Amino acid sequence: MMQIRKKEGTIVKAYCLEENSPMIHKFMEEGKLCSIDENHWRIFSRESKEGELAQSGDYVKMDSGGNLYPNNRSFFLRNHRFLGEDTYEQISRPLRAWCAGDDMCPEVQFLMEHKDLRIHADDEHAYFSASLWGDLLRAAKDAVIVFYDIEYDAERTVIDADFNFVSRDEFEAQYDIVSS
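Residues numbered from 1 in each chain as written. Predicted model: local features only at pLDDT ≥ 70, side-chain atom pairs only at ≥ 80, totals over all residues. Heavy atoms only, no water.

Some thoughts on the pattern of salt bridges
Piece 1. Taken as a whole, this structure holds ten salt bridges when the rule is applied.
Piece 2. As a salt-bridge pair, Arg5 and Glu8 come within 3.8 Å of each other at their nearest N and O atoms.
Piece 3. For Glu8, a relative accessible area of 60% gives the class exposed.
Piece 4. Between Glu30 and Lys26 there is a salt bridge whose closest N-O contact spans 2.8 Å. (Salt bridge = Lys/Arg side-chain N within 4 Å of Asp/Glu carboxyl O. Buried < 20%, exposed > 50% of the residue type's maximum accessible area, 1.4 Å probe, protein only.)

Next up, the structure:
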């Protein structure tokens with residue numbers, strides 16, 4: 001597994017999910033997200049089929065390709081610095097990541113056993129799949145599994161992990177590899 005971090009000074013556009021936001025209305029008109037009810041939303045990211053589930057008050061970030069991705073409100077506020085209007089700087093901190101072809105590690109094994117991660121060796125375009133954000137997300141073989149948080153017990157056994165798939169082009173644009 002490699003250690004990574006967001007590129008220093010990465011600036012992103014992000015929007016709080018709320019009904020009265022002009023940009024949220026624009027995204028709805030473009031079919032990038034929809035309101036399920038006053039408290040729930042579906043975000044149609046690159047990897048989603050039915051739309052990733054988010055709650056009012058959560059944030060959506062736009063990647064370099066114009067795709068939206070949900071961020072839990074508390075995670076977003078801890079990891080982004082507000083610069084003005086819809087612009088935020090991502091706070092860079094060390095994270096862990098894994099790619100197809102890397103040696104199997106306890107963290108990925110945990111995801112396979114407890115977090116619905118599946119590897120489909122016969123499909124390069126949907127090599128990875130997992131139920132995340134209320135949808136079955138799929139990612140290509142060259143995608144990267146990024147761990148946002150990993151919890152270990154006293155014996156260093158993985159007891160929980162928060163992760164997502166990051167497409168290779170977005171990974172290269174947004175992250176630096178600190179060590180492999």
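Now that the structure has been shown, we can carry on.
Examining the environment of Lys32
Piece 1. Mapped onto the elements of the fold, Lys32 is located in the loop between α1 (22–29) and β3 (33–37).
Piece 2. For Lys32 and Asn67, which are 35 residues apart along the polypeptide, the C-alpha to C-alpha distance reads 7.7 Å.
Piece 3. A polar contact is formed between the side chain of Lys32 and the backbone oxygen of Gly66, at a distance of 3.0 Å. (Helix = DSSP H or I, 4+ residues; strand = E, 2+ residues; numbered from the N terminus. Polar contact = N/O pair within 3.5 Å; in protein donor to acceptor, adjacent residues only side chain to side chain.)

Examining the environment of Ser180
Piece 1. Here Ser180 shows up in the segment after β16 (175–179).
Piece 2. When its relative accessible area of 84% is taken as the criterion, Ser180 is described as exposed.
Piece 3. Here the alpha-carbon distance between Ser180 and Ile4, two residues 176 residues apart in the chain, equals 8.6 Å.
Piece 4. Once you skip the residues sitting within four places of it in the chain, Ser180 turns out to touch Met1 and Met2. (Contact = heavy atoms within 4.5 Å.)

Considerations on the sheet that holds strand β4 (residues 40–43)
Piece 1. The antiparallel open sheet is built from three strands, whose spatial order is β3-β4-β5. For this open sheet the edge positions go to β3 and β5 (52–55), each flanked by a neighbour on one side alone. Here the strands of the sheet are splayed against their neighbours by 30 degrees on average, with no regard to which way each runs.
Piece 2. Lying on the sheet, α1 is in contact with β3 and β4; it crosses β3 at an angle near 105 degrees. (Pairing = 2+ DSSP bridges. Axes fitted to C-alpha atoms, helices over the stretch in contact; angles between N-to-C directions.)

Comments concerning the sheet that holds strand β11 (residues 118–119)
Piece 1. The strand order across the open sheet formed by three strands is β11-β12-β13, and the pairing between neighbours is antiparallel. Looking along the sheet, the strands with just one partner apiece sit at the ends: β11 and β13 (135–139).
Piece 2. Two elements, β11 and strand β12 (residues 128–132), share two bridges in a ladder whose sense is antiparallel. Along β12, the bridge assignment pairs Ile119 with Phe128.

Re the packing of aromatic side chains
Piece 1. Enumeration according to the criterion identifies eleven aromatic pairs in this entry.
Piece 2. Ring geometry for Phe163 versus Phe165: centroids 6.1 Å apart, planes at 75 degrees, classification edge-to-face.
Piece 3. Members of the aromatic cluster, connected to one another through ring pairs, are Trp98, Tyr127, Phe128, Phe163 and Phe165.
Piece 4. Its end group placed over the ring of Tyr152, Arg156 keeps NZ or CZ at 3.8 Å from the ring centre. (Phe/Tyr/Trp six-rings, centres within 6.5 Å; stacked < 30°, edge-to-face > 60°. Lys NZ or Arg CZ within 6 Å of the ring centre and 35° of its normal.)

Quick look at the side chain of Lys6
Piece 1. Positionally, Lys6 belongs in strand β1 (residues 2–6).
Piece 2. For the buried Lys6, no salt bridge exists, and the shortest N-O distance to an oppositely charged side chain is 6.4 Å, to Glu170.
Piece 3. A polar side-chain atom of Lys6 sits 3.4 Å from a polar atom in the side chain of Gln90.
Piece 4. Here Tyr175 takes part through its side chain, which lies 3.4 Å from a polar atom of the side chain of Lys6.
Piece 5. In this view, Lys6 contacts Lys61, Gln90, Ser92, Arg93, Gln174 and Tyr175; residues no more than four positions away in its chain are not counted. (Lys, Arg positive; Asp, Glu negative; His and termini not counted.)

Some points on a negative patch on the surface
Piece 1. Taken together, the side chains of Asp122, Asp123, Glu124, Asp142 and Glu172 make up a negatively charged region of the molecular surface.
Piece 2. You can see Asp122 is positioned in the loop between β11 and β12.
Piece 3. Note on Asp122: relative accessible area 74%, which makes it exposed. (Patch = residues over 30% accessible without salt bridge, like charges linked within 9 Å, V, L, I, M, F, W, Y side chains within 5 Å. Areas by Shrake-Rupley, 256 points an atom, 1.4 Å probe, with all protein chains shown as cover. Charge placed at Lys NZ, Arg CZ, Asp CG, Glu CD.)

Some points on the state of the cysteines
Joining two cysteines, a disulfide is a covalent bond between their sulfur atoms.
Piece 1. A full pass over the atoms with the stated rule returns zero disulfides.
Piece 2. Free of any disulfide, Cys16 has its nearest cysteine sulfur in Cys34, 17 Å distant.
Piece 3. Between Cys105, a free cysteine, and Cys99, which holds the nearest cysteine sulfur, the sulfur-to-sulfur gap is 11 Å. (Disulfide = S-S within 2.5 Å.)

Worth remembering: the numbers are spatial, not functional.
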